[in-house]
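# Tertiary structure, described
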Number of protein chains: 2
Amino acid sequence: MKINRHYLRLKESYLFSGIAKKIKEYSVKNPDRKIIRLGIGDVTLPLSRSVTDAMREAVSEMSSAETFRGYGEEQGYEFLRQAICGYYGKKGVTLSNDEVFVSDGAKSDLGNILDIFAKDNTVLIPDPVYPVYVDTNIMAGRQIVYMNGNADNGFLPMPDKNTKADIIYLCSPNNPTGAVYSKNQLEEWVCYALAKDAVILFDNAYEAFVRDEDLPSSIYQIDGAKKCAVEIGSLSKTAGFTGTRCGYTVVPQELIREGTALNSLWLRRQTTKFNGVPYIIQRGAEAVFTDEGQRQTREQVDYYLQNADIIAKTLTKLGIWHTGGQNSPYIWLRCPGGMSSWEFFDYLLKTANVAGTPGAGFGANGEGFFRLSAFGNKADVIQAMENFAQGLTGG
Amino acid sequence: MKINRHYLRLKESYLFSGIAKKIKEYSVKNPDRKIIRLGIGDVTLPLSRSVTDAMREAVSEMSSAETFRGYGEEQGYEFLRQAICGYYGKKGVTLSNDEVFVSDGAKSDLGNILDIFAKDNTVLIPDPVYPVYVDTNIMAGRQIVYMNGNADNGFLPMPDKNTKADIIYLCSPNNPTGAVYSKNQLEEWVCYALAKDAVILFDNAYEAFVRDEDLPSSIYQIDGAKKCAVEIGSLSKTAGFTGTRCGYTVVPQELIREGTALNSLWLRRQTTKFNGVPYIIQRGAEAVFTDEGQRQTREQVDYYLQNADIIAKTLTKLGIWHTGGQNSPYIWLRCPGGMSSWEFFDYLLKTANVAGTPGAGFGANGEGFFRLSAFGNKADVIQAMENFAQGLTGG
């Protein structure tokens, strides 16, 4: 019996465990201080009324033999796939139901989709990056090429025609940097992918935060993208589903490689290794896409966007370089005074009682940068920014 | 860009689509006849009161900021892992929480667990078999060796010391044959696996149907199994969760290969490519393991076992050779009169208005055999067996 030895090449991540340890130590020494957590990417607002009403109704259906539901289609119920197509329609993107696959979340799909590609592909990944892109490819033994995000390109790396790539990861609005690609920039990426016969895995988990109508909220708003991109969406940040688990992956029928429709490969993968999302959860997800659900969901996203704005405005006032904070729940800032990511973590904790996330945890290019998240309580965010400004200006 | 060409070697399965087509044709020709479906392996009884009450309560928690739950641990909430350990305790099996991984179902885990093993392993699979074992390994390009289930061994193939195997699939009570391994037989399998340094993937999805106390309902009831077996459980057939999606995989800490604990590899796989089961579903699953939940669940399983008994007794009376029907929801029978699997399908549909599953759909050794499932309505099962007996005896 041989294990998959690629797993042994994975680096242990001490990012979030390291943060937890430092917060704990600080709390023990300073029991009277309340720590404001702007680190984690988890939501805090409860599920909307539309969603919980729909789920209660679905629980009732499951409790009666007449309305009970057993196995559903692995790729999701028609009612939900139809609702997602309707949502895309409002973005000006036409999809058919069989191009939409309902899943238990973007993280699962981002990992599992790699199953349909050969090991012998070169993967292009931005740095800094959501670590799952890297780890899932190391597990499969694929060659990874990094592209640099930095202050010069606003953490929005662009394609280099001399770089070979078969699988390309893009995330916009980005985690961790909050940066958002423009339509022109995504057009360049689509051109590059088509020229290289590559496939873009477009992580669109933060699309609900895009409010600027000039910015793309789906890669399929770009001509030609259906021939080179898989898009992965999620209700985690859109509707507070981090603990409720529902997302979707779009694999257009036009996406053909080596004469084979990737849609048929993904369908085969999902019908073989997945048994669908719980009926109750799919009914909750459907409710997100109703008019009332959209209104309630938008309110939640607005709340987080206001937090982001408070953080971004404070940084601007303090003259601190940053990306994100608009059209995104994340703010990515250059640590003031030339501090390293972890030095700034300690500094922020001590001077402002605020816990954030050191940028170095997202890759080499993250060193000297720092991520703040807008998913907290508004009063806390205001307090955090006041503490921070006061500490920095000595006020 | 290269696709995973192993996918192109997968056979299209026309089993269930073929069945659906034949039923439809028959219904069109005979609109007045009610077809009794004893083919599919899906449950029909609603979720128990314990489960739906717990889920309603959890929906309420999700609707309030104070009790809302975001991301949970990928491997499942402590409360559920603890409940599963308690369930195993009653089987005389001691597990620690960190050996239990909550999942969205056995099918997902049976496919995904292969990620932690090298491609270069030989896989031993029984024939007839649940097709997922075969397809997931074809997708990964692994070499498959089949072991024969047949009437001589009661469809319970035993190890052959001359056969090399690294990964071994066992399912008991078995789908599709309903046959159940004895303790002595599983001891032989554990001995063989230990001698070969192999890992048994023990599909235990039907353990709740084992009522004979001499029969094992977990491979860990066999000495040494923790050193050579992963066990995959499910609430699908135990508690009617086919559309509610919750299962678990046990990877004992003692299970070490190439100096590496498989538990740590699986933890890494799950934390990287999975984000846990919905909180609401985990609360429903927890309720299955309470005393009242166990009582209600047992009632449901009893109902299906009574159906199985009705089918098995009819076959015995008619002198038709079969396995299963006790300690199992499936009955596997030799087609009477030397009919092929599909001939008998047509015969049964026409003479008794009963739809079952042709054994040939589960592998070459299934030809000439047929699967009936006990998951239907009791009155229907009684009617089906009366129709069948009458047709066969010309009564």
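Look up: the structure comes first, before these words.
Predicted, not measured: the structure shown is a model, and the values here were computed from it.

### So, the overall build of chain A
- The helix and strand inventory of chain A stands at 11 helices and 15 strands.
- Taking 395 residues into account, the globule formula puts the C-alpha radius of gyration at 21 Å, and chain A, at 21 Å, falls close to it.
- The principal-axis extent of the C-alpha atoms belonging to chain A is close to 60 × 55 × 50 Å.
- Within chain A, the proportion of its 395 residues that are buried is 63%.

### Remarks on the interface of chain A and chain B
- Contacts between the two partners involve 76 residues from chain A and, on the opposite side, 76 residues from chain B.
- A buried area of about 6,400 Å², summed over both sides, lies between chain A and chain B, and 56% of it is on carbon and sulfur atoms.
- Looking at the side of chain A facing chain B, the largest losses of area belong to Met1, Tyr71 and Arg268 of chain A, adding up to 14% of the total buried there.
- There are 10 salt bridges connecting chain A and chain B.
- Among the ionic pairs, Arg268 of chain B bridges to Glu12 of chain A, the shortest N-O distance being 3.7 Å.
- Seen at the junction of chain A and chain B, the total is 40 residue pairs in polar contact (both at pLDDT 80 or more).
- When residues of the side of chain A that touches chain B are assigned to their parent elements, the largest contribution, 7 residues, is made by helix α7 (residues 262–273) of chain A.

### Let's talk about the packing of aromatic side chains
Residue and element names in this part refer to chain A.
- Summed over the entire model, instances satisfying the criterion amount to 48 aromatic pairs over all chains.
- Between Tyr88 and Tyr248, the aromatic rings sit 6.2 Å apart at their centres with planes inclined by 80°, giving edge-to-face as the arrangement. One end of the pair, Tyr88, is in helix α3 (residues 78–90); the other, Tyr248, is in strand β8 (residues 247–250), and 160 residues separate them in sequence. For the pair Tyr88 and Tyr248, a shared accessibility class is recorded, and that class is buried.
- Seen in terms of ring centroids, Phe101 and Trp266 are 6.5 Å apart; in terms of plane orientation they differ by 75°. Their pairing is edge-to-face. With a gap of 165 residues between them, Phe101 in strand β2 (residues 100–103) and Trp266 in helix α7 connect regions that are remote in the sequence.

### A look at the environment of Arg283 of chain A
Residues and elements named next belong to chain A.
- Within the secondary structure, Arg283 is located in helix α8 (residues 279–288).
- Put simply, Arg283 and Tyr77 are 206 residues apart on the chain and 9.1 Å apart in space, counted from C-alpha to C-alpha.
- Sequence-distant contacts of Arg283, defined by excluding residues within four places in its chain, comprise Ala54, Ala58, Glu61, Arg69 and Phe79.
- At 2.8 Å, the side chain of Arg283 and the side chain of Tyr279 are in polar contact.
- At 2.8 Å, the side chain of Arg283 and the side chain of Glu286 are in polar contact.

### Focus: helix α6 (residues 183–196) of chain B
Residues and elements named next belong to chain B.
- Along its 14 residues, α6 runs 20 Å from first to last C-alpha, staying within 8% of the 20 Å computed at 1.5 Å per residue.
- Those residues of α6 that sit buried are Leu186, Trp189, Val190, Tyr192 and Ala193. Looking down the long axis of α6, one finds its buried residues gathered within 160° of arc, a one-sided arrangement. Seen from the open side of α6, the exposed residues pointing more than 90 degrees away from its buried face are Asn184, Cys191 and Ala195.
- Asp197 sits one or two positions beyond α6 and adopts a positive phi of about 60°.

### Examining unusual backbone geometry
Residue and element names in this part refer to chain A.
- Residues Ser172 and Pro173 are joined by a peptide bond in cis, for which omega reads -5°.
- Mapped onto the elements, Pro173 comes out in the loop between β5 (167–171) and α6 (183–196).
- A positive phi angle, close to 65°, is found at Arg245, a residue other than glycine.
- Look at Arg245 and you get buried, because its relative accessible area is 2%.

### A closer look at the relation of the copies chain A and chain B
- Mapping chain A onto chain B calls for a rotation angle of 180° and an axial translation of 0.0 Å; the resulting RMSD is 0.0 Å. Within this description, the copies of the chain are treated as partners about a two-fold rotation axis. Taking C-alpha positions as reference, the residue of chain A nearest the rotation axis is Arg56 of chain A, located at 3.1 Å.
- When the interface residues of chain A are mapped onto chain B, 100% of them are again interface residues, pointing to one common binding face.

### Focus on the sheet that holds strand β11 (residues 322–324) of chain A
Residue and element names in this part refer to chain A.
- Taken together, 4 strands build an open sheet; the order of strands is β11-β12-β15-β14 and the sheet is antiparallel. Strands at the two margins of the open sheet, each flanked by one partner only, are β11 and β14 (357–358).
- Of the strand pairs in this sheet, β14 and strand β15 (residues 369–373) are connected by 2 bridges, and their pairing is antiparallel. Each bridged residue has a counterpart across the sheet, and for Thr357 the counterpart in β15 is Arg371.
- Running at roughly 15° to strand β12 (residues 330–334), helix α9 (residues 291–317) makes contact with β11, β12 and β15 of the sheet.

### Describing the pattern of salt bridges
- Scanning all chains against the criterion turns up 42 salt bridges over all chains.
- Here Lys2 of chain A makes a salt bridge to Asp120 of chain B, at a shortest N to O gap of 3.0 Å. Of this pair, Lys2 of chain A sits in the segment before α1 (15–29) while Asp120 of chain B sits in the loop between α4 (106–112) and β3 (122–127), placing the two residues on different chains.
- Residue classification places Lys2 of chain A among the partly exposed positions, given a relative accessible area of 38%.
- Given the relative accessible area of 55%, Asp120 of chain B is considered exposed.

### A closer look at the pairing of strand β7 (residues 229–234) of chain A
Residues and elements named next belong to chain A.
- The buried fraction of β7 is high, at 6 of 6 residues.
- Along β7, one buried face is formed by Ala229, Glu231 and Gly233 and the opposite face, lined by Val230, Ile232 and Ser234, is buried too.
- Pairing of strand β6 (residues 199–203) with β7, which is carried by 4 bridges, proceeds in the parallel orientation. Looking across to β7, one finds that Phe202 is bridged to Glu231.
- Across 4 bridges, β7 lies against β8 in antiparallel orientation. Bridge pairing in β8 links Ser234 to Gly247.

### Some details on the state of the cysteines
Residue and element names in this part refer to chain B.
- The final tally for this structure, using the stated rule, is 0 disulfides over all chains.
- No disulfide involves Cys228; its nearest neighbouring cysteine sulfur is the one of Cys191, lying 8.9 Å away.
- Its relative accessible area of 0% is what places Cys228 among the buried residues.

### Description of the environment of Ser373 of chain A
Residue and element names in this part refer to chain A.
- Along the chain, Ser373 turns up in strand β15.
- A relative accessible area of 2% places Ser373 in the buried class.
- Remark: the alpha-carbon pair of Ser373 and Asn97, spanning 276 residues in sequence, is separated by 34 Å.
- Not counting residues up to four positions away in its chain, the partners in contact with Ser373 are Leu38, Gly39, Ile40, Ile311, Pro329 and Tyr330.
- In this structure the side chain of Ser373 is engaged in a polar contact, spanning 3.2 Å, whose partner is the backbone nitrogen of Phe375.

### Description of the pairing of strand β6 (residues 199–203) of chain B
All names here are of chain B.
- The buried fraction of β6 is high, at 5 of 5 residues.
- On β6, burial covers both faces: Val199, Leu201 and Asp203 on one face and Ile200 and Phe202 on the other are all buried.
- Alignment of strand β5 (residues 167–171) against β6, held across 5 bridges, turns out to be parallel. The residue of β6 that forms the bridge with Cys171 is Asp203.
- With α6 bridging β5 and its parallel neighbour β6, the resulting β-α-β unit is right-handed.

What counts and what doesn't
- Residues numbered from 1 in each chain as written.
- Chains lettered and ligands numbered in written order.
- Predicted model: local features only at pLDDT ≥ 70, side-chain atom pairs only at ≥ 80, totals over all residues.
- Heavy atoms only, no water.
- Helix = DSSP H or I, 4+ residues; strand = E, 2+ residues; numbered from the N terminus.
- Rg over C-alpha atoms; globule rule 2.2 N^0.38 Å.
- Buried < 20%, exposed > 50% of the residue type's maximum accessible area, 1.4 Å probe, protein only.
- Contact = heavy atoms within 4.5 Å.
- Buried area = accessible area lost by both parts, 1.4 Å probe.
- Salt bridge = Lys/Arg side-chain N within 4 Å of Asp/Glu carboxyl O.
- Polar contact = N/O pair within 3.5 Å; in protein donor to acceptor, adjacent residues only side chain to side chain.
- Phe/Tyr/Trp six-rings, centres within 6.5 Å; stacked < 30°, edge-to-face > 60°.
- Expected span 1.5 Å × (residues − 1).
- Arc of directions from axis to C-beta.
- Least-squares fit on C-alpha atoms with pLDDT ≥ 70 in both.
- Pairing = 2+ DSSP bridges.
- Axes fitted to C-alpha atoms, helices over the stretch in contact; angles between N-to-C directions.
- Disulfide = S-S within 2.5 Å.
- Right-handed = clockwise from strand over helix to strand, strands pointing away.

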